[in-house]
Number of protein chains: 2
Amino acid sequence: MSKTQRIKGVLAPVVTPFDKDLNPDIARFIAHCKWLISQGSGLAAFGTNSEANSLSFNERIALLDSLLASGVDPSRMMPGTGCCALTDSVRLTEHAVKAGCAGVLMLPPFYYKGVSDEGLYRNYSEIIERVGDDRLRIYLYHIPPVAVVGITPKLVERLLKKYPTAIAGMKDSSGDWNNTKTMLNNFAKSGFDVFAGSESFLLANMQNGGAGCISATANVNPAAIDKLYREWQNPDAEAQQKALDIARNTFGKKYLMIAALKASIAHYSGDAQWATVRPPLLELTKEEMATLTAELKAIKFEMPGLKEAQTA
Amino acid sequence: MSKTQRIKGVLAPVVTPFDKDLNPDIARFIAHCKWLISQGSGLAAFGTNSEANSLSFNERIALLDSLLASGVDPSRMMPGTGCCALTDSVRLTEHAVKAGCAGVLMLPPFYYKGVSDEGLYRNYSEIIERVGDDRLRIYLYHIPPVAVVGITPKLVERLLKKYPTAIAGMKDSSGDWNNTKTMLNNFAKSGFDVFAGSESFLLANMQNGGAGCISATANVNPAAIDKLYREWQNPDAEAQQKALDIARNTFGKKYLMIAALKASIAHYSGDAQWATVRPPLLELTKEEMATLTAELKAIKFEMPGLKEAQTA
């Protein structure tokens, strides 16, 4: 992989469908991935919105292998491989790199709190050294509202200095534009690709040298988000951004985002099983589903081709 | 296992030794476990102070199987089996129950924050139903300073009502005596065994119907803690508690507890390799090691038999 082939644009942290026994449903997963690709979205499988940390190591490997076997291009994939255990992160990352994935999205180890930058540096350094593959492209995953453990500019600086090729960029899910701006200001010029953690900051991110966004709602609204990514210099970019914000807020302001995404996929595909989440998360109640569906109808929200993709 | 055979007393969240390549060191682990048992401590392997969440699933299984094969009595074991992924928790728990472990210490799934009691109830309920073994004894692990996700009295009440045998007790590592007292007041009479999360609350816990403590410093000071557990009704119990507090504070007030425990084991056993921790944690610096050693000497701290146990 050369630098010119770096993955950019819009990626969805692919929601993971479960069957009635709460096992990952591989057929539904592949169908959803193929639909996302058809709508212009890349695949950041095993992100926060994928309930990745509710999956075992073997469940992640089985899903990834099935997706690769289905013929989806790995150069459109940035699977999440950051675990609490160094050894798990190494093995998942190796697997993704050998499969030709464009990159990996890597959480810091998130169990111990108040850990130092030195400790996190050693974690990432060990992983890079152990994987030992020139093709490795790590996107650091900063999501303090969930992981609590975060990634500071100083840590990025130190990692970039030592591993300028392997450290390829970051996803900033802090929800704090000032933090994203700092990362852009400090590192974007050196080829560090900053992805906004939601499309709410997509236009601002692109205007400041960013690489795109990796967003929960790319699971349900991929084409419109991808359109703004491609057209951010157009005169109607702000209008596009506003429309994206309205759609996003419909999912995420009142409901648990993951449950709302799955409920809407269930609704638009006509496949009720899609609404299932794994504990400790809860699916939407029937009342919430009805309200969400009505709200989506009110903003004329659609998911074109989804039903056909799921039943193909 | 009948109710009368429930595990009680003092347990150590066994620190996990690593070799020079940061792999779990099985021989050192077994030697330390045997020393702990000889000093009156039970084994809560794979707790927070064990760096359990820095170990992969297979690493935990290998350590547990080796320990069982070494002849240590499983009725003295309460391994940690609570993971972010339901499927991991089920498999680790099954493994421990089939091996005859006295119980399992179970963290709630800790990646997603702000989850509901209903979601946590479903997590524990799924695990109990899937394991489906009458011998299962779960000790709920409440440690909000690290896991952030905690276990409320209402959740305990609901779980106990549905699973009065499987839900055997809890470890309260909130550091908040009022919380421990609430758990004791609400549930101890019905046979719910409350373990204080450190020996700082051992005397108070015993005076209020508790079952003992599961404490980091039981790794280094097991005999003295066990003594207070057995002698809490003696006239010198408060003096014993004060002495325990002085020792504990020497380890935990100035240093990262896990690193300090390992440094002291390295010091008293003469085996420098013991000081190693896995990222994202950091071992003590040489200066910190020297200070800690001097402080321990000042309070005449000893670890009798440790050196012999490690070189047996």
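Residues numbered from 1 in each chain as written. Chains lettered and ligands numbered in written order. Predicted model: local features only at pLDDT ≥ 70, side-chain atom pairs only at ≥ 80, totals over all residues. Heavy atoms only, no water.

With respect to the packing of helix α6 (residues 153-162) of chain A against helix α7 (residues 177-187) of chain A
Residues and elements named next belong to chain A.
Okay, step 1: Relative to each other, α6 and α7 sit at 30°, their axes nearing to 11 Å. One element, α6, and the other, α7, form an angle in the roughly parallel class. Judged by the twist between their axes, the crossing of α6 over α7 is right-handed. In contact with Pro153, Val156, Glu157 and Leu160 of α6, α7 contributes Thr182, Met183, Asn186 and Phe187.
Okay, step 2: Grouping the amino acids of the contact of α6 with α7 by side-chain chemistry returns five nonpolar, two polar and one charged. (Axes fitted to C-alpha atoms, helices over the stretch in contact; angles between N-to-C directions. Helix = DSSP H or I, 4+ residues; strand = E, 2+ residues; numbered from the N terminus. Parallel < 35°, antiparallel > 145°, perpendicular 65-115°, else oblique. Left-handed = near helix turned anticlockwise from the far one by under 90°. Contact = heavy atoms within 4.5 Å. Nonpolar A, V, L, I, M, F, W, Y, C, P; charged D, E, K, R; others polar.)

Overview of the nonpolar core
Nonpolar side chains tend toward joint burial in soluble globular proteins.
Okay, step 1: The biggest cluster of nonpolar side chains holds 218 residues, and the ones touching the most others in it are Leu140(A) and Leu140(B).
Okay, step 2: For Leu140(B), the residues in contact, after removing those within four places along its chain, are Leu105(B), Met106(B), Tyr124(B), Ile151(B), Val156(B), Leu159(B), Ile167(B), Gly169(B), Met170(B), Lys171(B) and Phe192(B). (Core = buried A, V, L, I, M, F, W, Y, C linked by side-chain atoms within 4.5 Å. Buried < 20%, exposed > 50% of the residue type's maximum accessible area, 1.4 Å probe, protein only.)

Some thoughts on helix α3 (residues 86-98) of chain A
Along an α-helix, residues three or four apart share an orientation, since each turn contains 3.6 residues.
Okay, step 1: A rise of 1.5 Å per residue sets the reference length of α3(A), with its 13 residues, at 18 Å; its end C-alpha atoms lie 18 Å apart and thus fit the reference within 8%.
Okay, step 2: When we look at burial in α3(A), the residues that qualify are Leu86(A), Thr87(A), Asp88(A), Ser89(A), Val90(A), Leu92(A), Thr93(A), Ala96(A) and Val97(A). (Expected span 1.5 Å × (residues − 1).)

Some thoughts on the pairing of strand β4 (residues 138-142) of chain A
Residues and elements named next belong to chain A.
Okay, step 1: Burial analysis of β4 places five of its five residues in the buried class, the great majority of the element.
Okay, step 2: Burial along β4 is two-sided: Ile138, Leu140 and His142 facing one way and Tyr139 and Tyr141 facing the other are all buried.
Okay, step 3: Tracing the backbone out of strand β3 (residues 104-106), into helix α4 (residues 117-131) and back to the parallel element β4 gives a crossover that is right-handed.
Okay, step 4: Taken together, the five bridges between β4 and strand β5 (residues 167-172) define a ladder with parallel strand orientation. In the strand pairing of β5, His142 is matched with Asp172. (Right-handed = clockwise from strand over helix to strand, strands pointing away. Pairing = 2+ DSSP bridges.)

Here's the deal with the pairing of strand β6 (residues 193-196) of chain B
Residue and element names in this part refer to chain B.
Okay, step 1: Of the two faces of β6, the one lined by Asp193 and Phe195 and the one lined by Val194 and Ala196 are each fully buried.
Okay, step 2: One ladder, built from four bridges, connects strand β5 (residues 167-172) with β6; its direction is parallel. Bridge assignment links Asp172 to a residue of β6, and that residue is Ala196.
Okay, step 3: Viewed along the sheet, the connection from β5 through helix α7 (residues 177-187) into β6 turns out right-handed.
Okay, step 4: Bridge count between β6 and strand β7 (residues 212-214): two bridges; the pairing is parallel.

A short note on the relation of the copies chain B and chain A
Okay, step 1: Expressed as a screw transformation, the operator carrying chain B onto chain A has a rotation angle of 180° and an axial translation of 0.0 Å, and the superposed copies differ by an RMSD of 0.0 Å. The relationship between the two copies is best expressed as a two-fold rotation axis.
Okay, step 2: The fraction of interface residues of chain B whose copies in chain A are also interface residues reaches 100%, indicating that both copies meet through the same surface. (Least-squares fit on C-alpha atoms with pLDDT ≥ 70 in both.)

Section: the interface of chain B and chain A
Okay, step 1: On the chain A side, the residues contacting the 46 residues of chain B number 46 residues.
Okay, step 2: With both chains or domains summed, chain B and chain A bury close to 3400 Å², and 61% of this area falls on carbon and sulfur atoms.
Okay, step 3: Three residues, Tyr111(B), Tyr112(B) and Pro280(B), lead the burial of chain B against chain A; their summed loss comes to 23% of the area buried on that side.
Okay, step 4: Here chain B and chain A share two salt bridges between them.
Okay, step 5: Between Arg122(A) and Glu283(B) there is a salt bridge, with its nearest N and O atoms 3.0 Å apart.
Okay, step 6: For the pair chain B and chain A, the number of links is 18 residue pairs in polar contact (both at pLDDT 80 or more).
Okay, step 7: Elements supplying a minimum of two residues to the side of chain B that touches chain A: α2 (57-69), α3 (86-98), α4 (117-131) and α5 (144-147) of chain B.
Okay, step 8: Counting residues per element, the side of chain B that touches chain A draws most heavily on α4(B), at seven residues.
Okay, step 9: Partitioned by chemical class, the residues of the side of chain B that touches chain A number 24 nonpolar, ten polar and twelve charged. (Buried area = accessible area lost by both parts, 1.4 Å probe. Salt bridge = Lys/Arg side-chain N within 4 Å of Asp/Glu carboxyl O. Polar contact = N/O pair within 3.5 Å; in protein donor to acceptor, adjacent residues only side chain to side chain.)

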